[in-house]
Every structure is written in structure tokens, then in C-alpha cells.
Amino acid sequence: MSLHVSVSSDIAVLVDRDGTLNYDSGYVTSPEQLVLFPGVPEAIARLNQLGALVILITNQSAIGRGFMTVETLAEIHEAMAALLRPCGARIDGIFFCPHHPQDGCDCRKPNVGLIQQAAEHFSLDLKRCFLVGDKRSDLEAAQKSGVPGVLVKTSSYSEDALKARDKGQLSIAHVAATFVESVSWIESEMTRGLHVPPSP
Ligand SMILES: [Zn+2]
């Protein structure tokens, strides 16, 4: 009997970046500015080991505002991968919105374009996925996509999402203090029913 527990490959944890995985210091426009919260690489590694895809879903309007190029964003994400690698952690996909908020695109969260792109690319079963984010816009995009949303309280933006929930304007599946805690909750949700009971 194998004790290895894994979820099917059409399940993903969709993860916001700034304020969720790393400190949100305004715009991150260089690799040095991306500083991960404690325990993030290990938590991502746990999701990797579980067999869930880990997919970044991130608004990067710094590109549309002219603060950063797409090439620099790629360098930032290479630096992030280098921070994750020593812990055996990896990001499986990155979907970003480069547009200015006034461009009226359909991919900037709270719009659902990025989640749809990820779902198409990886053939995701969205209702069995999770999205983790610190902002109301993350949770709104999740809700519109039928993905259970987890709010993390690692930035000041989470207050706005909690207020919207309390007014009945936003549905949140779970509130976690940090990304690490959100992963513990997601792990228990995902592995529910997957465990084989021990032989008598
Ligand atoms: Zn966009």
C-alpha cells in the first residue's frame, strides 16, 4: 500500500503575488525588491509534493504605467524561482496582466481573464482549485470564476475584503493569517477523502 497522497493534475492553487507571497512595497520593479514572506518556499514545496499545480495570477500594471518592462518582470520571476529552488519549490505557470487600469482589459483582476487563461492552458477543474490573495480584487475574480477563495491578512488590503464579506458583497471560503497558514488549510481540504484507511 502506498502512503503517497496526491491530487489529480487538473487541480491548481492560483496564487496572487504581491502582498500574498512577498511584501507589497508599492511596485516591485527590480529583482532585489521581491522579498518573500517567511516560510513561503517551504509552503509552495508542500503544494508541489501534493501534486497540485501552483500558478501565479498577478496584476502588473507597473508595465502599463511605464515603470517596468516585460523583460524586467521575467527577471523578477527568475529571481523568485531561484529563491524557491533550494527548498525544492517551483511555480508551474505565471499569468500576468500588464495593462494600465484604464485600459479596460479583461485580464486585470477583479476581471477573470487571467484565471480563464490558466484554466484553458492547464485544463483546470476550477471548482476544485483554490485561489489565495490579499485583496478584494483577488477574491472577486475567484468568486466570478467559481474558485473557492482564501484571503490572507499579510497586507493592509485584506481589511477591505473582510468589510465586503461582512456586508454580504463577497464570498470568502477561508481567512488565513499568512500564505503558509492558507496552504495548511488547502492541504487538508484537498486531501480530504484521499487517505486510504490503514489495513485492519
Ligand atoms: Zn489586463
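Along each chain, residue indices are assigned from 1 in the same order as the chain's sequence is written. Local features are withheld for residues below a pLDDT of 70 in this predicted model, meaning they are given only at 70 or higher, and side-chain atom pairs are given and counted only at 80 or more; totals for whole chains, interfaces and linings count all residues. The basis for every side-chain value is the complete set of non-hydrogen atoms in the structure, without hydrogens or water.

Asker: Sorry if this is basic, but what is going on with the coordination of the zinc ion here?
Answerer: By definition of the ideal shapes, four donors in a tetrahedron about a metal sit 109.5 degrees apart, and six donors in an octahedron sit 90 or 180 degrees apart. Coordinating N, O and S atoms are those within 2.8 Å of the metal (3.2 Å for Na, K and Ca), and as water is not part of the atoms, a site may appear to have fewer donors than expected. In the first shell of the zinc ion, the protein supplies Cys97 (SG), His99 (ND1), Cys105 (SG) and Cys107 (SG), at 2.1 to 2.3 Å from the metal. A four-donor site is classed as tetrahedral when every donor-metal-donor angle falls between 85 and 135 degrees; four donors are called square planar, and six octahedral, when trans pairs exceed 155 degrees and all remaining angles lie between 65 and 115, with any other arrangement labelled irregular. Taken together, the four donor atoms surrounding the zinc ion define angles of 101 to 117° at the centre, an arrangement classified as tetrahedral. Summarised as a motif, the one-chain spacing of the donors to the zinc ion is C-x1-H-x5-C-x1-C.

Asker: Would you explain the environment of Leu151 in this entry?
Answerer: The way it works is that DSSP assigns letters per residue, a run of H or I at least four long becomes a helix, a run of E at least two long becomes a strand, and they are numbered from the N terminus. Looking at the element boundaries, Leu151 is found in strand E5 (residues 149-152). On the accessibility criterion, Leu151 (0% relative accessible area) is buried. With 10 residues separating them in the primary sequence, Leu151 and Ala161 have C-alpha atoms 8.0 Å apart. Throughout, a residue-residue contact means that at least one pair of heavy atoms, one from each residue, lies within 4.5 Å. Filtering out sequence-adjacent residues up to four positions away, Leu151 remains in contact with Gly133, Asp134, Lys135, Leu139, Ser158, Ala161, Leu162, Ile172, His174, Val175 and Ala176. Think of it in three bands: with a 1.4 Å probe and only protein chains considered, a residue is buried below 20% of the maximum accessible area for its type, exposed above 50%, and partly exposed in between.

Asker: Help me understand the nonpolar core in this model?
Answerer: Inside soluble globular proteins, nonpolar side chains tend to come together where they are buried. Membership of the largest hydrophobic core comes to 36 residues, with the highest contact counts inside it found for Val13, Leu21, Ile44, Phe179, Ile186 and Met190. At six residues, the largest contribution of residues to this core is made by helix H1 (residues 40-50). The contact partners of Ile186, leaving out residues within four places of it in the chain, are Val13, Leu47, Phe130, Val132 and Val150. In this description, a nonpolar core means a group of buried Ala, Val, Leu, Ile, Met, Phe, Trp, Tyr and Cys residues linked to one another through side-chain atoms lying within 4.5 Å. By size, the runner-up hydrophobic cluster in this structure holds 20 residues, among which are Leu14, Cys97, Leu114 and Leu126.

Asker: Would you mind going over unusual backbone geometry with me for this structure?
Answerer: Note that the residue after Lys109, namely Pro110, is joined by a cis bond; omega there is 20°. With respect to the helices, strands and loops of the structure, Pro110 is situated in the loop between strand E3 (93-97) and helix H4 (113-122). At Ser123, a residue that is not glycine, the phi angle is positive and equals roughly 50°. Looking at the secondary structure, you find Ser123 in the loop between H4 and strand E4 (130-133).

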